[in-house]
Amino acid sequence: MSNATYGRENPLQTVNYSHYTDRLKKPADALSELKSADNKFLFTRALLMEHGILPTTLDRPAKSDKSQEELIKLMAEMEIGFDLQIGGKYKEAAKQFSMILIDSEPGTEDHAQALFQRAMSLFQMGLYTQCLMDVRQAMGSKYPPEIGSILYKFAGLVHRHLGRPKEAKTCYVECLRRLNDSNLTSEQQNQFRSEVAIAMDRCKFREKKEETKEETYWSSDDSALGRPIVEKLVGGRNENIPALSAFLELKSSINMGRGVYATHDINPGDVVAIEKPYIYGGWLLHKACCHNCLKVPIFPIPCTNCSLVYYCSKTCMDKSMKDGHNFVCPIIFFIRSMPGITDLNELALKWLLKELSKMGLKKYCSLVDTYSKSQTDSMTRGFNDDGQYKSDNFLTAYSLDICEEKMSIDEMFFFNCIAAEILQYLMLSGFKIQECYLASLINVERFPLKSKYYVTHPTALALYPSIGLFNHSCDANIKRSGKLSKKTRVMRAIQPIPKGRQLFFNYGRFFDNMKKETRQEICLDCFKFECCCQSCLENWPHYDSMPGGLSAMNILNPSMADTVIKECKRFEKFLNTVDRADYHLHLDYLNGFLKLLFTNVKLPFKKYYECLNVIDHIYTKLDYLTLG
Ligand SMILES: C[S@@+](CC[C@H](N)C(=O)[O-])C[C@H]1O[C@@H](n2cnc3c(N)ncnc32)[C@H](O)[C@@H]1O
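Thresholds applied
- Residues numbered from 1 in each chain as written.
- Predicted model: local features only at pLDDT ≥ 70, side-chain atom pairs only at ≥ 80, totals over all residues.
- Heavy atoms only, no water.
- Helix = DSSP H or I, 4+ residues; strand = E, 2+ residues; numbered from the N terminus.
- Buried < 20%, exposed > 50% of the residue type's maximum accessible area, 1.4 Å probe, protein only.
- Contact = heavy atoms within 4.5 Å.
- Areas by Shrake-Rupley, 256 points an atom, 1.4 Å probe, with all protein chains shown as cover.
- Near = heavy atom within 4 Å.
- Polar contact = N/O pair within 3.5 Å; in protein donor to acceptor, adjacent residues only side chain to side chain.
- Nonpolar A, V, L, I, M, F, W, Y, C, P; charged D, E, K, R; others polar.
- Pairing = 2+ DSSP bridges.
- Axes fitted to C-alpha atoms, helices over the stretch in contact; angles between N-to-C directions.
- Core = buried A, V, L, I, M, F, W, Y, C linked by side-chain atoms within 4.5 Å.
- Expected span 1.5 Å × (residues − 1).
- Phe/Tyr/Trp six-rings, centres within 6.5 Å; stacked < 30°, edge-to-face > 60°.
- Lys NZ or Arg CZ within 6 Å of the ring centre and 35° of its normal.

Engineer: Honestly, the overall build of the protein in this entry has me stumped. Any pointers?
Structural biologist: Each helix and strand counted, the protein has 22 helices and 11 strands in total. For the protein, with 628 residues in total, the buried portion stands at 49%. In the protein, the share of contacts with a sequence separation of at least 24, taken over all contacts with a separation of at least 6, comes to 68%. A total of about 30700 Å² of accessible surface is found on the protein, and carbon and sulfur atoms cover 52% of it.

Next comes the structure, spelled out in structure tokens:
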């Protein structure tokens, strides 16, 4: 593979779907003539082979020692960065070190040095979180041992600035342990020790302050919030889809396909789904999270073979190897050099390996064949003959994808090419696959290679097959909670959901403040559907211009008008008098007010959404406190 350009691909940039078509001069058109997914895949694979695009070896571009010329160039580039730093031009310096990073190979000393220097510039710019990400990656790289103590001391300083005294202390202990490797004189070492002692003292002071703050917070009168919350599905577990509540069922509608509906009245706060991800992987921009458990370790340990993924412990490293990293490890460099969204390519590979380890090649391929041939109607996919939804993870995930007809030919060809390349790398890494299984093994239709699956979370990507059954609405009545590092995802009602109504969550993040046209554009662009939610169909006004007063037009139950007016005034007083930090102490009151408006006023109604925003704020804060 000569064109490997590790690290240049930005996972956030738009994918160039004509990457392969451009190289092969429009062969993708022939794909539209082929009917079955198997034939499309085999056609693409043969074409790539014919054009010499499929890799034939796993030889990485030689890691030759740098020539004298290259060394001089690197030093000159570093010097430019140092000069910018000395001159206080931190942004320019960060850019300069970024260029060096792109040109150096992860895991090498040059890479670690550039990371460390960029971290220092980011620190000066006050970008502590980004700075810490660089420091962590530098720690996981092959940095020169003599800078170890300085690197860990710096990490301590960054943690202190981020208000994490415990982590800072751990770094300081580690930096002292590495002091013997440094090339400081004994006098400089003594100076270093006394500086670290002062910094550690500051951590102690900070820790005490944190403890007091926590005590005052929890000594507030709501004891329910003072102990860890154990989430329970409302009504218990669903028989057919165990990740969902028993108060839900799956039904189909013309414009949204399958969706999840309430079979009982559901109240705001009720938990409607709890699911562990079927597969998950780190987000490349957040490289230093543990490849196995997704936690962000204080000291990331790089994989001893590839150096390209990190772990928080030896246990996680061993577990990951058993879970398939042994096959991915020799090819991860190449997988990350491929076009497309790198993280999704990795996730697709992980998924395939997981299925294969679970059921073996033969069974897996026959399952895919049976499934794709027997159930082509997207409305019935996933249901058995008794109308029950098959909750097996493989079939559930398989049946989620109904997107093929929405793809352009270029896109379809692109994904087939990616699949063919991934499979080829896998075979080159020693994974034995007989020719007859090739087509069933990689079915582009089912592979999570498309953006519609990715969770826009800065740490990781994960696939939740049952939660993936919820449709989108710009006026969501459920909300996800739980940090991805905890992996388990909890979905909770935020609005009253009467029996028979569909449950929706919001696929976008900042839809509340967008006008309909923008939301529609995003849905089409990112998720490939035209949004048919109620607020889009009825073209609800933007939040600021929603009706705020009661009238004959929007009161549903005139006998309740006085109560509604009185309660709206009370809510206004609440907003003016209660401190934002104490909102969570009034959750029952707020849910009650929301329900009153929901039952008696036609939506959209401004006060209703004001109240919903407050509730949303509370859950976000509770997640942070209880699940983080
Ligand atoms: C994650 S899936 C949801 C489950 C899906 N309806 C099914 O049948 O499996 C997302 C897909 O559902 C459909 N969908 C979800 N929300 C929608 C909406 N507001 N309007 C139209 N289609 C929607 C789109 O086809 C989208 O690609």
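Engineer: Would you mind going over the site of the ligand with me for this structure?
Structural biologist: Met256, Arg258, Gly468, Asn471 and His472 are the nearest of the 16 residues found near the ligand. Contacts to the ligand include Met256, whose backbone N or O atom sits 2.7 Å from a nitrogen atom. Between Cys532 and the ligand, the recorded distance is 2.9 Å, taken from a backbone N or O atom to a nitrogen atom. Contact with the protein chains hides 92% of the accessible area of the ligand, taken as 560 Å² for the molecule alone. Looking at side-chain class alone, the shell around the ligand contains eight nonpolar, five polar and three charged residues.

Engineer: What exactly am I supposed to notice about the sheet that holds strand 9 (residues 478–481) here?
Structural biologist: Two orientations exist for strands paired in a sheet by backbone hydrogen bonds: parallel and antiparallel. The strand order across the open sheet formed by three strands is 3-10-9, and the pairing between neighbours is antiparallel. Taken across any chain shown, the strands that pair with only one partner, and hence form the sheet edges, are strand 3 (271–275) and strand 9. Neighbouring strand axes in the sheet, compared pairwise and without regard to direction, differ in orientation by 20° on average. Summarising the sheet, strand 3 and strand 10 (residues 489–493) pair through four bridges and their orientation is antiparallel. When the sheet's bridge partners are listed, Ile274 is paired in strand 10 with Val490.

Engineer: Before we go on, may I ask you to explain the nonpolar core in this structure?
Structural biologist: Within the largest apolar cluster, 52 residues are counted, with the highest numbers of intra-cluster contacts made by Tyr20, Leu48 and Leu349. Looking at this core, the elements that each hand over two or more residues are helix 1 (19–24), helix 2 (37–50), helix 11 (314–328), helix 12 (332–335), helix 13 (342–359), helix 14 (361–374) and helix 16 (409–428). Among the elements that make up this core, the one with the highest residue count is helix 16 (12 residues). In this structure, Leu349 is in contact with Val328, Ile331, Ile335, Ile422 and Leu426, ignoring residues within four places of it in sequence. Ala93, Leu115, Leu122 and Val158 belong to the second-largest nonpolar core, a separate cluster that totals 37 residues.

Engineer: Please clarify how helix 16 should be interpreted in this entry.
Structural biologist: Counted at 1.5 Å a residue, the expected span for helix 16 with its 20 residues is 28 Å, and the 28 Å between its end C-alpha atoms agrees. With 16 of its 20 residues buried, helix 16 lies for the most part within the structure. Just beyond helix 16, the residue with positive phi is Gly430, at close to 105°.

Engineer: Please clarify how unusual backbone geometry should be interpreted in this entry.
Structural biologist: Negative phi is the rule for most residues except glycine; trans is the rule for most peptide bonds. In this structure, Pro604 follows Leu603 across a cis peptide bond, with omega equal to 5°. Along the polypeptide, Pro604 turns up in the loop between helix 21 (587–600) and helix 22 (606–627). Phi at Asn539 is positive, roughly 50°, even though this residue is not glycine. Classification of Asn539 by relative accessible area gives partly exposed; the value is 45%.

Engineer: Looking at this structure, how should I read the packing of aromatic side chains?
Structural biologist: Think of a pair of aromatic rings as described by two things: how far the centres are apart, and how the planes are tilted against each other in angle. Evaluated as defined, the whole model comprises 20 aromatic pairs. The rings of Phe571, Phe574, Tyr583, Tyr589 and Phe593 are connected pair by pair, giving a single aromatic cluster. A cation over a ring is seen here: Lys153 above Phe192, with NZ or CZ 5.0 Å from the ring centre. Taking the ring centre of Tyr261 as reference, the NZ or CZ of Lys251 above it sits at 4.8 Å.

Engineer: Looking at this model, I keep getting lost on the pairing of strand 10. Mind explaining?
Structural biologist: Looking along a regular strand, one sees side chains alternate from face to face of the sheet. Counting buried positions along strand 10 gives five out of five residues, so the element sits mostly inside the fold. Of the strand pairs in this sheet, strand 9 and strand 10 are connected by four bridges, and their pairing is antiparallel. Counterpart to Lys479 in the pairing with strand 10 is Arg492.

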